[in-house]
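Remarks on the overall topology
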Amino acid sequence: MTQDRLALPDRASAGDSSSSDARTQTQTQTQTLTVDGERISLDVLGPMVINSDGSVSRIANWHDLTEAEQARILRVIARRNAARRQALERLSDGEAPSA
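Regarding its fold elements, the chain presents three helices and four strands. What you see in the chain, going N to C, is helices and strands ordered as α-α-β-β-β-β-α. Relative to its full complement of 99 residues, the chain shows a buried share of 15%. If you sum the accessible surface of the chain, you get close to 8,200 Å²; carbon and sulfur atoms cover 51% of it.

Quick look at the structure:
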């Protein structure tokens, strides 16, 4: 059984402008919002969510939400992230330092 492999174009034929165009497009896809006086920068993946154990995640269907839904969720997540961050900081301050 033979497998046909597809080759990627070499850099000379693709040109360096395609990579800079991709970077420019990514940079323009960020937006900054102010929620409860705090500036939040978002990329196309949406906000980072701080989980109660300190890990972070994203909202899987962020790109499917309307702007009104995104705005409501941002307000909730901003408050929740702030509360969780404070709780995690208090927890880490209360623990004995590791050697």
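The predicted coordinates should not be examined in detail at positions where pLDDT is low. The predicted model of the chain averages 74 in pLDDT, with 62% of residues at 70 or higher. Considering each helix and strand of the chain separately, the mean pLDDT is smallest for helix α2 (residues 17–28), with a value of 46, and largest for strand β4 (residues 56–58), with 92. In the model, residues 16–27 has pLDDT below 50 throughout and makes zero contacts with residues more than four positions away in sequence or in other chains.

Bringing the nonpolar core into the picture now. Among the nonpolar cores identified, the biggest contains seven residues, and these are Leu 42, Val 49, Ile 59, Trp 62, Leu 65, Leu 74 and Ile 77. With sequence-adjacent residues up to four places away left out, Ile 77 is seen in contact with Pro 47, Met 48, Val 49 and Ile 59.

The next thing to look at is the environment of Ser 57. Relative to the assigned elements, Ser 57 resides in strand β4. A sequence separation of ten residues divides Ser 57 from Pro 47, and the C-alpha atoms of the two residues are 8.6 Å apart. Once you skip the residues sitting within four places of it in the chain, Ser 57 turns out to touch Pro 47, Met 48, Val 49 and Asn 51. Polar side-chain contacts of Ser 57 include one of 3.5 Å to the side chain of Asn 51.

Our focus in this paragraph is helix α3 (residues 67–94). For an α-helix, the turn length of 3.6 residues means that residues three or four places apart are oriented alike. An ideal rise of 1.5 Å per residue puts 40 Å on 28 residues; α3 measures up with 40 Å between its terminal C-alpha atoms. Along α3, the residues classified as buried are Gln 70, Leu 74, Ile 77, Ala 78 and Asn 81.

Inspection of the secondary structure assignment puts Gln 70 in helix α3. With a relative accessible area of 14%, Gln 70 lands in the buried category. Engagement of the side chain of Gln 70 in a polar contact is seen with the backbone oxygen of Trp 62, the distance being 2.9 Å. For Gln 70, the contacting residues outside a window of four places in its chain are Trp 62 and Leu 65.

Along the polypeptide, Leu 65 turns up in the loop between β4 and α3. Not counting residues within four places of it along the chain, the set of residues in contact with Leu 65 comprises Gln 70 and Ile 73.

Inspection of the secondary structure assignment puts Asn 81 in helix α3. Exposure remark for Asn 81: the relative accessible area of 11% places this residue in the buried category. Look past the residues within four positions of Asn 81 in its chain and what remains in contact with it is Met 48, Val 49 and Ile 50.

Criteria and cut-off values
Residues numbered from 1 in each chain as written. Predicted model: local features only at pLDDT ≥ 70, side-chain atom pairs only at ≥ 80, totals over all residues. Heavy atoms only, no water. Helix = DSSP H or I, 4+ residues; strand = E, 2+ residues; numbered from the N terminus. Buried < 20%, exposed > 50% of the residue type's maximum accessible area, 1.4 Å probe, protein only. Areas by Shrake-Rupley, 256 points an atom, 1.4 Å probe, with all protein chains shown as cover. pLDDT = per-residue confidence, 0-100. Contact = heavy atoms within 4.5 Å. Core = buried A, V, L, I, M, F, W, Y, C linked by side-chain atoms within 4.5 Å. Polar contact = N/O pair within 3.5 Å; in protein donor to acceptor, adjacent residues only side chain to side chain. Expected span 1.5 Å × (residues − 1).

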